[in-house]
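This is what each chain is made of:
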Amino acid sequence: AAKKPALFVIVVGETARAANWGLNHPAGQQAARDTTPELARRAVINFPEVTSCGTNTEVSVPCMFSLQGRRHYDEDAIRGSESVLDTLRHAGLRVVWNDNQSGCKGVCSGVEGMRPDPAALPQLCDGERCLDEALLESSRGLLRDAEGNLVLVLHQLGNHGPAYFRRYPESFRRFTPTCDDEDLSKCSREQIANSYDNALLYTDHVLARSIDLLQELAPRYDTALLYVSDHGESLGENGLYLHGLPYSIAPAEQTRVPMVMWLSSGFAARTRLDTACLRTQAARPAAHDNLFHTVLGLLDVRTAVRDDALDLTAACRS
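Please read these numbers as outputs of a predicted model, since none were measured by experiment.

Topic: the overall build of the protein chain
- What the protein chain contains, in helices and strands, is 10 helices and 10 strands.
- Whereas a compact globule of 318 residues would reach a radius of gyration of roughly 20 Å, the protein chain reaches 19 Å, a difference of no more than 12%.
- With respect to the three principal axes, the spread of C-alpha positions in the protein chain is 60 × 45 × 40 Å.
- Scored against the burial criterion, the 318 residues of the protein chain give a buried share of 57%.
- Within the protein chain, residue pairs in contact and separated by at least 24 positions form 70% of the contacts whose partners lie at least 6 positions apart.

Encoded structure:
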């Protein structure tokens, strides 16, 4: 019954941890280290207590898109069964994966794939790596020419370490002094944290620009965006750096991740969502395990495996 097609963007973050996400802290604390100033000016719904499937990309990305999730974790089952992206495709939605990372870890094998072309975006790419704005720029043609319902996944380079300083342009070098070396042992803990937070600032900017583009396209499409990081990062707590510890002994810095949602008024109306209710619901603990069912719920895909109890939006849908 919808009058316009849906345009739903899923942004998979990289190595962003909840502890440094500005939206997760009261306004009085944000003033000292606000890493999300642009998102704070958009009508996003922030989820402050989200737990990841794993402590590295290889585990988390397949797990977060799977039916099994962390609660029924079985690597063979996850890799041997279809993801939520396959389910969306079976339901007739076009699904495209745009990758600025080291691949989708098998999740996108059944869907359309693309990645930014460094030659076409020299201002954002150095020949080896592209900044994450390249994901947005390389997707513009696809978004503007989309016909029918489209789900676009943007896989970020994000805060991929240890070279945090390479993840943002010079204009985002706001927290100083920074660690400008891939050998973290050559830097102080303060320098490492500053470079890490500058990369988060840049992710904030990329997400805000993505929302602005979706807002521009709202007259033609019912638009929405969901961002969630794959895992967190240790920045010196208890002498630990980077990530990848076994999940059973991993600290919260590696397993707590940021997540935000943005819905255009048209998308909220088509899904009969009460956004005020959803803001209240967002304060409750959530996990990567909710992603499969929340995406199906938001896109009104009905299947026997969909569990409304795990859909973060179900309680707010009339």
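Description of the nonpolar core
- By size, the foremost hydrophobic cluster in this structure holds 46 residues, and its most contacted members are Phe 8, Phe 65, Leu 85, Leu 88, Trp 97, Val 295 and Leu 299.
- Residue contributions to this core peak at five residues, all from helix H10 (residues 291-298).
- Beyond its immediate stretch of four places on either side in the chain, Phe 8 contacts Leu 150, Val 151, Leu 152, Ala 224, Leu 226, Phe 267, Val 295, Leu 298 and Leu 299.
- The next biggest cluster of nonpolar side chains, apart from the first, holds 35 residues, and it includes Cys 179, Leu 184, Ile 192 and Tyr 221.

Considerations on the packing of helix H5 (residues 133-144) against helix H6 (residues 189-217)
- Put simply, H5 and H6 touch, their axes get as near as 10 Å, and they point 10° apart. Considering their axes alone, H5 and H6 lie roughly parallel with respect to each other. Considering how the two elements wind past one another, H5 and H6 form a crossing that is right-handed. In this structure, H5 contributes Glu 133, Leu 136, Glu 137, Arg 140, Leu 143 and Arg 144 to the contact, and H6 contributes Tyr 202, His 205, Val 206, Arg 209, Ser 210, Leu 213, Glu 216 and Leu 217.

Brief notes about the packing of aromatic side chains
- Evaluation of the coordinates by the stated rule reveals five aromatic pairs.
- Taking the centre distance of 5.5 Å and the plane angle of 20° together, the rings of Trp 21 and Tyr 227 count as stacked. On the criterion of sequence distance, the pair formed by Trp 21 in the loop between strand S1 (6-13) and helix H1 (27-30) and Tyr 227 in strand S6 (residues 222-229) is long-range, its members being 206 residues apart.
- With relative accessibility at 0%, the residue Trp 21 sits in the buried group.
- In this structure, Arg 33 packs its charged tip against the face of Phe 175, placed 3.9 Å from the ring centre.
- When the ring centre of Tyr 247 is taken as reference, the NZ or CZ atom of Arg 70 above it lies at 4.0 Å.

Details of the state of the cysteines
- Summed over all chains, the structure comprises four disulfides.
- One disulfide bridge connects Cys 277 with Cys 316, the sulfur atoms lying 2.1 Å from each other. Here Cys 277 and Cys 316 share a disulfide; its torsion about the S-S bond, -70°, makes the bridge left-handed. On the criterion of sequence distance, the pair formed by Cys 277 in helix H9 (residues 275-281) and Cys 316 in the segment after H10 is long-range, its members being 39 residues apart.
- Relative accessible area serves as the criterion here: at 4%, Cys 316 is assigned to the buried category.
- Ordinal numbering of bonded cysteines along the protein chain defines a disulfide pattern of 1-2, 3-4, 5-6, 7-8.

Rules used throughout
- The numbers attached to residues start from 1 for each chain and follow its sequence in the written order.
- Reporting in this predicted model follows two pLDDT cut-offs: at least 70 for local features of residues, and 80 or more for side-chain atom pairs to be given and counted; totals over whole chains, interfaces and linings ignore these cut-offs and use all residues.
- For the side-chain quantities, the full set of heavy atoms in the structure was used; hydrogens and water were omitted.
- To qualify as a helix, a DSSP run of H or I must reach at least 4 residues; to qualify as a strand, a run of E must reach at least 2; elements of each kind are numbered from the N terminus.
- Computation of the radius of gyration draws on C-alpha atoms, with the globule rule given as 2.2 Å multiplied by the number of residues to the power 0.38.
- A 1.4 Å probe rolled over the protein chains alone gives each residue an accessible area, and that area as a share of the maximum for its type sets the label: buried under 20%, exposed over 50%, partly exposed in between.
- Two residues form a contact once any of their heavy atoms are found within 4.5 Å.
- Note on terminology: a nonpolar core comprises buried Ala, Val, Leu, Ile, Met, Phe, Trp, Tyr and Cys residues joined through side-chain atoms within 4.5 Å.
- To get an axis, a line is fitted to the C-alpha atoms, and for a helix only the part in contact is used. The angle between two axes follows their N-to-C directions and goes from 0 to 180 degrees.
- Any angle that falls under 35 degrees is termed roughly parallel, while one over 145 is termed roughly antiparallel, one within 65 to 115 roughly perpendicular, and all others oblique.
- By convention the crossing between two helices is left-handed if the near helix lies anticlockwise of the far one by an angle smaller than a right angle, and right-handed if it lies clockwise.
- Whether two aromatic rings pair depends on their centres lying within 6.5 Å, for rings of Phe, Tyr and Trp, where Trp uses its six-membered ring; planes under 30 degrees apart make the pair stacked, over 60 edge-to-face, and the rest tilted.
- Either the NZ atom of lysine or the CZ atom of arginine qualifies as a charge over a ring when it sits within 6 Å of the ring centre and within 35 degrees of the ring normal.
- A pair of sulfur atoms, both from cysteines and within 2.5 Å, is called a disulfide here.

These figures come from the coordinates and say nothing about function on their own.
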